Amino acid sequence: MSTLIDGKAAAARVLAEVQAEVGQLQAQGVEPALAVVLVGDDPASHVYVRNKVLRAGEVGIRSLEYRLPAEASAEAVLEVVAGLNADAAVHGILVQLPLPGHIDEVRVLQAIDPAKDVDGFHSENVGGLSQGRPVLTPCTPAGCMRLLRDTLGDLSGKHAVVVGRSNIVGKPMAALLLAANCSVTVLHSRSIKPEKLCGQADIVIAAVGRPRMIGADWIKPGAVVIDVGINRIDENGRSRLVGDVDFDAVLPVASAITPVPGGVGPMTIALLMRNTVLAARQQTGQALQETR
Ligand code: NDP
């Protein structure tokens, strides 16, 4: 019988730790603060930002919102980022993606002070992660690692397959698994017979963006399956969210599996709060601890 990995409960544990750390920082006179920059009118981005601001408030992190119109120039966004970099009272900066098409996302992300880069997307942090240095790590993969450790304990020697190689999920996920002494295989759209390779894995991370692509024939009996995918589909006349894994088919095969929703999603936001506290600590002269 498969175990359901409860991302909401795991996220609540992370948030309780964060809240306690915020209390410690406040006792030292530090008020952890997260700035969120939102450009344009993308409805999903507005929901994400609202949730981040709400969660920050719940754990005692001060949040600041900067909203710019869709037609804002790259220079206007860079000016906001420069101001936040220079503001010692701001510890974390998050620019909500995607940015409108006329703005070069990489240019904006590279403008964020790496010490305040709570999304972990700056090349300084990406490079540090691949070198195994303690840096601010992308929130979704960091959340997946937390779920894996809660489920399996030590990951050493496990064969992990990551399906997807994006900069925000697949690649940092592979780096974190490698750092945890897994043997790592990364699959992508050009992989040949991916189900055969995936079928050898002790750990499967699905980050593809294709509803229910990964079926029971991809999964070795007893594997642990983490489904990052969030796909909105219409089914039986109603709209619903499903993952990249065919949950009903894989449930009897896996030893443990995350549901969608209620798996990885809540962890991403919890790890963002954790990164904000880590950034605040680092900027007040305290060592940045391992996030894995
Ligand atoms: P991207 O579209 O950036 O990347 C998708 C990856 O999947 C690519 O590397 C692509 O390969 C690979 N891929 C596509 N088709 C196949 C295939 N048939 N077989 C194997 N690999 C394939 O997506 P993201 O990484 O940004 O997101 C992935 C999913 O995770 C989405 O559903 C997204 O909504 C969700 N997500 C969820 C988050 C959460 O908090 N839970 C946070 C971030 C994302 P190639 O490189 O060759 O094109």
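This one's a predicted model, so the numbers in the text were calculated from it and none came from an experiment.

Colleague: Mind showing me how you'd approach the UniProt feature "domain: Tetrahydrofolate dehydrogenase/cyclohydrolase NAD(P)-binding" (unreviewed entry) in the chain here?
Modeller: Residues annotated in UniProt with the feature "domain: Tetrahydrofolate dehydrogenase/cyclohydrolase NAD(P)-binding" (unreviewed entry) correspond here to residues 138-283. Counting secondary structure, residues 138-283 comes out at 36% helix and 21% strand; the distance between its end C-alpha atoms is 19 Å.

Colleague: What exactly am I supposed to notice about the pairing of strand E3 (residues 62-68) here?
Modeller: Successive residues of a regular strand alternate their side chains across the two faces of the sheet. Direction of pairing for strand E2 (residues 33-39) relative to E3: parallel, over a ladder of 7 bridges. Paired with Val 37 across the two strands is Tyr 66, which belongs to E3. Each parallel crossover has a hand, and the one from E2 via helix H2 (residues 43-59) to E3 is right-handed.

Colleague: Is there a simple way to think about helix H3 (residues 74-86) in this case?
Modeller: What sets the pattern is the α-helix's 3.6 residues per turn: residues three or four places apart point alike. Here H3 contains 13 residues, and its C-alpha end-to-end distance of 18 Å stays within 8% of the 18 Å for a straight helix at 1.5 Å per residue. Taken together, the buried positions of H3 are Ala 74, Val 77, Leu 78, Val 81 and Leu 84. Down the axis of H3, the smallest arc covering the buried residues is 120 degrees, so these residues share one side. Turned more than 90 degrees away from the buried face of H3, the exposed residues are Glu 79 and Ala 86.

Colleague: How do you make sense of the site of the ligand when you look at a structure like this?
Modeller: In the vicinity of the ligand there are 21 residues, among which Arg 165, Ser 166, Ser 189, Arg 210 and Thr 268 approach most closely. Ser 166 is positioned with one of its side-chain polar atoms (N or O) 2.6 Å from an oxygen atom of the ligand. Contact between the ligand and Ser 189: an oxygen atom at 2.5 Å from a side-chain N or O atom of the residue. Protein burial of the ligand: of its 930 Å² of free accessible surface, 71% is covered by the chains. When residues of the shell around the ligand are assigned to their parent elements, the largest contribution, 3 residues, is made by helix H10 (residues 264-283).

Colleague: Would you take a moment to explain the packing of helix H1 (residues 7-27) against H2 for this structure?
Modeller: When two helices pack together, you describe them by how their axes are tilted relative to each other and by the distance separating the axes. Interaxial distance between H1 and H2 falls to 8 Å at its minimum, and their mutual angle equals 60 degrees. Classified by the angle their axes make, H1 and H2 are oblique. The residues of H2 that touch H1, namely those facing Leu 15, Val 18, Gln 19 and Val 22, are Arg 55, Glu 58 and Val 59. The class makeup of the residues in the contact of H1 with H2 is 4 nonpolar, 1 polar and 2 charged.

Colleague: Where do I start with the pattern of salt bridges in this structure?
Modeller: Pairing between side chains of opposite charge can happen when their charged atoms approach one another. Under the counting rule described, the total for this entry stands at 11 salt bridges. Note that Arg 274 is salt-bridged to Glu 21, the shortest N-O span being 2.9 Å. Linking Arg 274 in helix H10 with Glu 21 in helix H1, this pair joins segments that are 253 residues apart in sequence. One exposure class covers both Arg 274 and Glu 21, and it is buried. For Glu 58, the salt bridge goes to Arg 55, with nearest N and O atoms at 3.2 Å. Taken together, the residues span about one helical turn, with Glu 58 and Arg 55 both in helix H2 at a distance of 3 residues. Residue classification places Arg 55 among the partly exposed residues on the basis of a relative accessible area of 25%.

What counts, and at which threshold
- Residues numbered from 1 in each chain as written.
- Predicted model: local features only at pLDDT ≥ 70, side-chain atom pairs only at ≥ 80, totals over all residues.
- Heavy atoms only, no water.
- UniProt positions renumbered as here; feature names shortened; annotations may be inferred.
- Helix = DSSP H or I, 4+ residues; strand = E, 2+ residues; numbered from the N terminus.
- Pairing = 2+ DSSP bridges.
- Right-handed = clockwise from strand over helix to strand, strands pointing away.
- Expected span 1.5 Å × (residues − 1).
- Buried < 20%, exposed > 50% of the residue type's maximum accessible area, 1.4 Å probe, protein only.
- Arc of directions from axis to C-beta.
- Near = heavy atom within 4 Å.
- Polar contact = N/O pair within 3.5 Å; in protein donor to acceptor, adjacent residues only side chain to side chain.
- Areas by Shrake-Rupley, 256 points an atom, 1.4 Å probe, with all protein chains shown as cover.
- Axes fitted to C-alpha atoms, helices over the stretch in contact; angles between N-to-C directions.
- Parallel < 35°, antiparallel > 145°, perpendicular 65-115°, else oblique.
- Contact = heavy atoms within 4.5 Å.
- Nonpolar A, V, L, I, M, F, W, Y, C, P; charged D, E, K, R; others polar.
- Salt bridge = Lys/Arg side-chain N within 4 Å of Asp/Glu carboxyl O.

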